[in-house]
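# Structural characterization, general
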There are 2 protein chains.
Amino acid sequence: MHATNLFESIPTDIPEELVEVLAEGRGQIRIVRLVSQGHSSPDGFLYDQEETEWVVLLQGRAVMSFENPITGVINPVPLKPGDWIEIPAHARHRVESTSPDEPTVWLAVHWS
Amino acid sequence: MHATNLFESIPTDIPEELVEVLAEGRGQIRIVRLVSQGHSSPDGFLYDQEETEWVVLLQGRAVMSFENPITGVINPVPLKPGDWIEIPAHARHRVESTSPDEPTVWLAVHWS
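Since the model is a prediction, treat every value here as computed from it, not as a measurement.

## Focus on the relation of the copies chain A and chain B
The two copies are related by a screw motion: chain A maps onto chain B through a turn of 180° and a shift of 0.0 Å along the axis, at an RMSD of 0.0 Å. Both copies of the chain, as the preceding transformation shows, are related through a two-fold rotation axis. Take the interface residues of chain A: 100% of them recur as interface residues in chain B, which is what a same-surface contact looks like.

## Focus on the sheet that holds strand β5 (residues 62-67) of chain B
Residue and element names in this part refer to chain B. The strand order across the open sheet built from three strands is β6-β5-β8, with neighbouring strands paired in antiparallel fashion. Whereas interior strands pair on both sides, the edge strands pair on one side only; in this sheet they are β6 (74-79) and β8 (93-98). The mean angle between the axes of side-by-side strands here comes to 25°, regardless of whether they run parallel or antiparallel. Strand direction decides the pairing type here: β5 and β6, joined by six bridges, are antiparallel. When the bridges of β6 are listed, Ala62 appears paired with Leu79.

## Side note on the interface of chain A and chain B
With 35 residues of chain A at the contact, the number on the chain B side is 35 residues. Of the roughly 2,800 Å² buried between chain A and chain B on both sides combined, carbon and sulfur atoms contribute 71%. Of all the secondary structure elements, the ones that give two or more residues to the side of chain A that touches chain B are β1 (4-5), β2 (18-25), β3 (29-36), β4 (52-59), β6 (74-79), β7 (83-87) and β9 (104-111) of chain A. Here the side of chain A that touches chain B is built from residues that sort into 22 nonpolar, seven polar and six charged.

The rules we used
- Residues numbered from 1 in each chain as written.
- Chains lettered and ligands numbered in written order.
- Predicted model: local features only at pLDDT ≥ 70, side-chain atom pairs only at ≥ 80, totals over all residues.
- Heavy atoms only, no water.
- Least-squares fit on C-alpha atoms with pLDDT ≥ 70 in both.
- Contact = heavy atoms within 4.5 Å.
- Pairing = 2+ DSSP bridges.
- Helix = DSSP H or I, 4+ residues; strand = E, 2+ residues; numbered from the N terminus.
- Axes fitted to C-alpha atoms, helices over the stretch in contact; angles between N-to-C directions.
- Buried area = accessible area lost by both parts, 1.4 Å probe.
- Nonpolar A, V, L, I, M, F, W, Y, C, P; charged D, E, K, R; others polar.

Printed below as a string of structure tokens:
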């Protein structure tokens, strides 16, 4: 048994957001490492996912935003290391920005 | 929608290891924050769990150890921040030590 490190094996150049599945269980749960650097969701795009997503930012900085399901207003949530959010299925959201100067490392757990 | 921080709300005195369920899904998955400070498993004790556990150390230091299922030999694995291990169900293991000088923060995902 040996450990793997979440902050290692990050390429110096990250043209696209890096997505790596670290663990999977019975097709119903996935643990994923995401590495962003200056990435954001496309203009006007909102994720609307079938699965619940629990996500924590572990390194870097980001701003996510969430649509209020009643009013449609989109509220920004700035994130620093250690900040986590549980995103229910179909809670519409986007990544407004991630730090351009360093890799932003996220850990996400998806389940249905 | 707002964020909660994994490194905040840690009591100054931690007589027993702190265990908090952060999220649960359909009774089959649990995301848990653990905070240890100088804690270890009881002498000679080995966990033998029904569930898979994916665990990452996020702050502090620890040494876990794992029993080789063939030889019975117990091998130590030192852990630093970012180090993660997937522990299959029934893989016998223990926490040898955690840093006495600062809180050690772990995030664990359990599923069956």
